[in-house]
Amino acid sequence: MGNCQMGRKAFIIYERYYDFDEGRIVSGGVQTYISNLIPLLCEAGYACTVFQYGASNQYMEMQLEQCTVKVVPNAKIDGSYITKVVLDHIAKDFDKENDLLVFADHLLAQENDAVHSLSIQHGIHWDIRKDVSRKDFHMFLSKAKFAYNEHKRMRYVKHVVCV
């Protein structure tokens with residue numbers, strides 16, 4: 001698992017970190033956060049693996065300089081990301097007492113039994129304005145529902161990091 005094997009492992013879950021067709025890390029904000037997080041985790045003694053969602057039953061794996069990237073088969077169905085499939089896939093290798101579970105996007109967070117877990121929240125887009133008028137009531141309800149779901153997802157992890 002990566003070039004920084006030291007006993008503990010970090011399991012990072014994200015939609016698409018590495019483009020296997022083009023042979024490169026995908027350009028994007030979350031991918032940049034992951035790329036910056038990996039050396040820090042290695043320095044802290046974690047061997048890092050990024051798990052991304054596969055739409056077919058084809059398993060793929062790529063060894064990068066400081067991490068391994070794995071595509072979990074059948075974890076993306078009709079455009080929806082099925083995190084439970086990823087969690088089931090990693091369960092056999094995950095030491096819930098010592099390893100770290102990272103949801104690189106808080107929207108992917110699911111209930112789990114990891115002692116050490118975190119999710120990355122990308123902004124404060126759930127904030128609700130206080131000057132909501134009648135015409136904005138639908139927007140208010142929509143954001144309130146989103147905030148409720150955010151709160152539920154945050155309970156699935158021990159720590160949330162907002163970037």
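Details of the structure are given in the entry above.
Residues numbered from 1 in each chain as written. Predicted model: local features only at pLDDT ≥ 70, side-chain atom pairs only at ≥ 80, totals over all residues. Heavy atoms only, no water.

Draft legend 1. Summary view of the sheet that holds strand 5 (residues 60–63). If you trace the seven strands from one edge of the open sheet to the other, you get 5-6-4-1-9-10-11, paired in mixed fashion. Each of the sheet's edge strands pairs with one partner strand only, and the pair in question is strand 5 and strand 11 (159–162). Taken pair by pair, the neighbouring strands of this sheet meet at an average axis angle of 20 degrees, ignoring direction. Looking at chain direction, strand 1 (residues 8–13) and strand 4 (residues 46–53) are connected through six bridges and run parallel. (Pairing = 2+ DSSP bridges. Helix = DSSP H or I, 4+ residues; strand = E, 2+ residues; numbered from the N terminus. Axes fitted to C-alpha atoms, helices over the stretch in contact; angles between N-to-C directions.)

Draft legend 2. Spatial organisation of the pattern of salt bridges. Applying the stated criterion across every chain, the model contains five salt bridges. Between K9 and D99 there is a salt bridge, with its nearest N and O atoms 3.8 Å apart. Taken together, the residues span a long stretch of sequence, with K9 in strand 1 and D99 in the loop between helix 2 (83–90) and strand 9 (100–103) at a distance of 90 residues. Salt-bridge contacts for D88 lead to K84; the nearest nitrogen and oxygen are separated by 3.1 Å. Note that D88 and K84 are positioned in helix 2 at a spacing of four residues, about one turn of the helix. Judged by its relative accessible area of 48%, D88 is partly exposed. (Salt bridge = Lys/Arg side-chain N within 4 Å of Asp/Glu carboxyl O. Buried < 20%, exposed > 50% of the residue type's maximum accessible area, 1.4 Å probe, protein only.)

Draft legend 3. Region of the structure containing the layout of surface pockets. The volume enclosed by the largest pocket comes to roughly 290 Å³. Lining the largest pocket we find 16 residues, and of these R16, Q52, Y53, M60 and V71 sit closest to its centre. Sorting the residues of the lining of the largest pocket by element identifies strand 2 (18–19) and strand 4 as the ones contributing at least two each. Split into classes, the residues belonging to the lining of the largest pocket amount to seven nonpolar, four polar and five charged. (1 Å grid on protein atoms, 1.4 Å probe; cavity = no way out; pocket = protein on both sides within 12 Å on 5 of 7 lines; lining within 4 Å. Points joined across faces, edges and corners; volume = space filled by probe spheres on them. Nonpolar A, V, L, I, M, F, W, Y, C, P; charged D, E, K, R; others polar.)

Draft legend 4. Summary view of the pairing of strand 10 (residues 116–121). Here strand 10 lies mainly inside the structure; five of its six residues are buried. Here strand 9 pairs with strand 10 via four bridges, running parallel. Counted as the bridge partner of V102 is L118 from strand 10. Relative to strand 11, strand 10 runs parallel, the two being bridged by four bridges. Across the sheet, residue S119 finds its bridge partner in strand 11, namely V160.

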